[in-house]
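# A look at the structure
Below, each chain spelled out in residue letters.
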Amino acid sequence: DNKALNISFAGYMIGTGLLTWSSFSDLNPDDEWMNVLYVIVWQIFGIIFLELARIANDKIALHELNNREEIILRRNMAVGISEFGGYIGAGQIVMGATSGTMASFGVDIASAVLFFVLGHIVFLILDYIMITLDHFDFNDEIKKGNTAVAVYYALNHMTLGQLIATCIIRTDSLLAFVSWVATGTVVIILLHVVVQKILLPGTNIKNEIW
């Protein structure tokens, strides 16, 4: 009855569902039974990508925490919620990296690896920027079990994952990808200000969450 683990695992299952959907999308009917092989290969790559993303999130984004200890021993809901958002954000990036019409199998795999690595680097950079703008000590608050901070953090990850995945799906051009991400980042920061100043006027978001 470990609810923290349940929430984390639910995020993993959603992330897996996203990459499963991408492995079945854009298959060519003319390839017939080769499509089965393609799906299996993309599933394997997708799971590997998702695991790499989990390790990167745990070691970089939540570097001050021992996630296994927090979830299994302390049953820290805040860590479970944070991992939930991290898995979904990563799943969206993996979905973007592994989706698209098949061209050449080798080229497609190289492209998937390139955009996954690039996408997750951008993801971690933007995550750092968002945390810096909010002036929260996220790791400390999540370790203390602050679920308000955890939900806020998880939704940030899901938003960033959606932004990056959309950029990857829309273009194979690195220049266009960078342009889309830059524009999207500006929009997200502006919306961040709008929410705090216009939708919730007179509320100190930092104090309320922290």
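Residues numbered from 1 in each chain as written. Predicted model: local features only at pLDDT ≥ 70, side-chain atom pairs only at ≥ 80, totals over all residues. Heavy atoms only, no water.

### What about the side chain of aspartate 58?
- Along the chain, the position of aspartate 58 falls in helix H2 (residues 34-61).
- For aspartate 58, a relative accessible area of 14% corresponds to the buried category. (Helix = DSSP H or I, 4+ residues; strand = E, 2+ residues; numbered from the N terminus. Buried < 20%, exposed > 50% of the residue type's maximum accessible area, 1.4 Å probe, protein only.)

### Observations regarding the side chain of serine 22
- Structurally, the position occupied by serine 22 is in helix H1 (residues 3-24).
- Assessed through its relative accessible area of 2%, serine 22 is described here as buried.
- At 2.7 Å, the side chain of serine 22 forms a polar contact with the side chain of threonine 98.
- With near-sequence residues (within four places) excluded, serine 22 lies in contact with Met95, Thr98 and Ser99. (Polar contact = N/O pair within 3.5 Å; in protein donor to acceptor, adjacent residues only side chain to side chain. Contact = heavy atoms within 4.5 Å.)

### Thoughts on the pattern of salt bridges
- What the rule picks out here adds up to 6 salt bridges.
- Across the salt bridge formed by glutamate 51 and arginine 54, the nearest N and O atoms sit 3.1 Å from each other. With glutamate 51 and arginine 54 both in helix H2 and 3 residues apart, the pair spans about one turn of that helix.
- What makes glutamate 51 partly exposed here is its relative accessible area of 27%.
- Across the salt bridge formed by arginine 74 and glutamate 70, the nearest N and O atoms sit 2.6 Å from each other.
- Residue arginine 74 is classed as partly exposed on the basis of its relative accessible area of 45%.
- Taking the relative accessible area as the measure of exposure, glutamate 70 reaches 2% and is therefore buried. (Salt bridge = Lys/Arg side-chain N within 4 Å of Asp/Glu carboxyl O.)

Everything listed here is a matter of geometry and, on its own, says nothing about what the molecule does.
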